[in-house]
Amino acid sequence: MTIDLKENERIDDLQRNGYQIIQKKDGFCFGMDAVLLSGFAQVKAGEKAVDLGTGTGIIPILLEAKYEGLHYTGLEIQEEMADMARRSVALNHLEEKVSIVTGDIKEASRLLGAASFDVVTSNPPYMNDSHGLKNPNLPKAIARHEVLCTLEDVVREAARLLRPGGRFYMVHRPHRLIEIITALKEQKLEPKRMKLVHPFVDREANMVLIEAVRGGKSMIKVEAPIIVYKEPGVYTEQIYTVYGY
């Protein structure tokens, strides 16, 4: 299938199922956090999943490659990014399985329907220090800083989108862990699994993966950590085998 690339775009191989993705040459590209989230999340046969702030659509596309879910939706506020995601969906012939919706995370449950998903995923902006940004509308700023939505917005809408017993998967930064757990508990999303991610075995964690269940009982399992690199530029076997990257 021929897909029209716009100026400053490229096609990258996802190294899974032959899938590819369209990204900006100098724009915000998906990173290891998206790959790890797609490996940490679980979508069972027949389940419907939605990704909040999907960007290029990387997480729905990777989840569709890995799991037998019924349908995957990506919600993205920036029309340029949403358009890129839709073209990636078409490039991989996934129009029947993956939908990209343009819309605001803060309106997610109204746009997509309350209690209508089994799984919600999100790789939200990590930084809450959005003051001082020279241009808060730049795609990179929107992806990295809480310019258009806060952690609380993401968690609230995830809770509203999930059916009772549904699962929310998020990747974030460890330094905001207390804030994250507080926000989850306030929305009756009970943290059930947590995994810390370390760039190297002797470095402190720089990412945290969390699974929370809507209306779940209070008990969390802290799983073995992920070590990304065994030496600079060389992934550990764990990255290759568990995450297929």
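Refer to the structure above for everything that follows.
Here the structure is a predicted model, which means the values were calculated and not measured.

Trainee: I tried to follow the environment of Gly46 on my own but got confused; where do I start?
Mentor: The residue Gly46 is located in the loop between helix 1 (32-40) and strand 3 (48-52) in this model. The spacing of Gly46 and Tyr67 is 21 residues in sequence and 9.9 Å in space, taken between C-alpha atoms. In this structure Gly46 touches Glu68, Gly69, Leu70 and Asp118, once residues within four positions along its chain are discounted.

Trainee: Help me understand the pairing of strand 7 (residues 162-172), please; the structure alone is not making it clear to me.
Mentor: Both faces of the sheet carry side chains from a regular strand, because those side chains alternate between them. Of all eleven residues in strand 7, eight are buried; the element is thus mostly enclosed. Judged from the five bridges that link them, strand 6 (residues 117-122) and strand 7 form a sheet pairing that is parallel. Each bridged residue has a counterpart across the sheet, and for Ser122 the counterpart in strand 7 is Met170. In this sheet, strand 9 (residues 207-214) lies alongside strand 7 in antiparallel orientation, the contact comprising six bridges. Counterpart to His172 in the pairing with strand 9 is Val208.

Thresholds, definitions, all that
- Residues numbered from 1 in each chain as written.
- Predicted model: local features only at pLDDT ≥ 70, side-chain atom pairs only at ≥ 80, totals over all residues.
- Heavy atoms only, no water.
- Helix = DSSP H or I, 4+ residues; strand = E, 2+ residues; numbered from the N terminus.
- Contact = heavy atoms within 4.5 Å.
- Buried < 20%, exposed > 50% of the residue type's maximum accessible area, 1.4 Å probe, protein only.
- Pairing = 2+ DSSP bridges.

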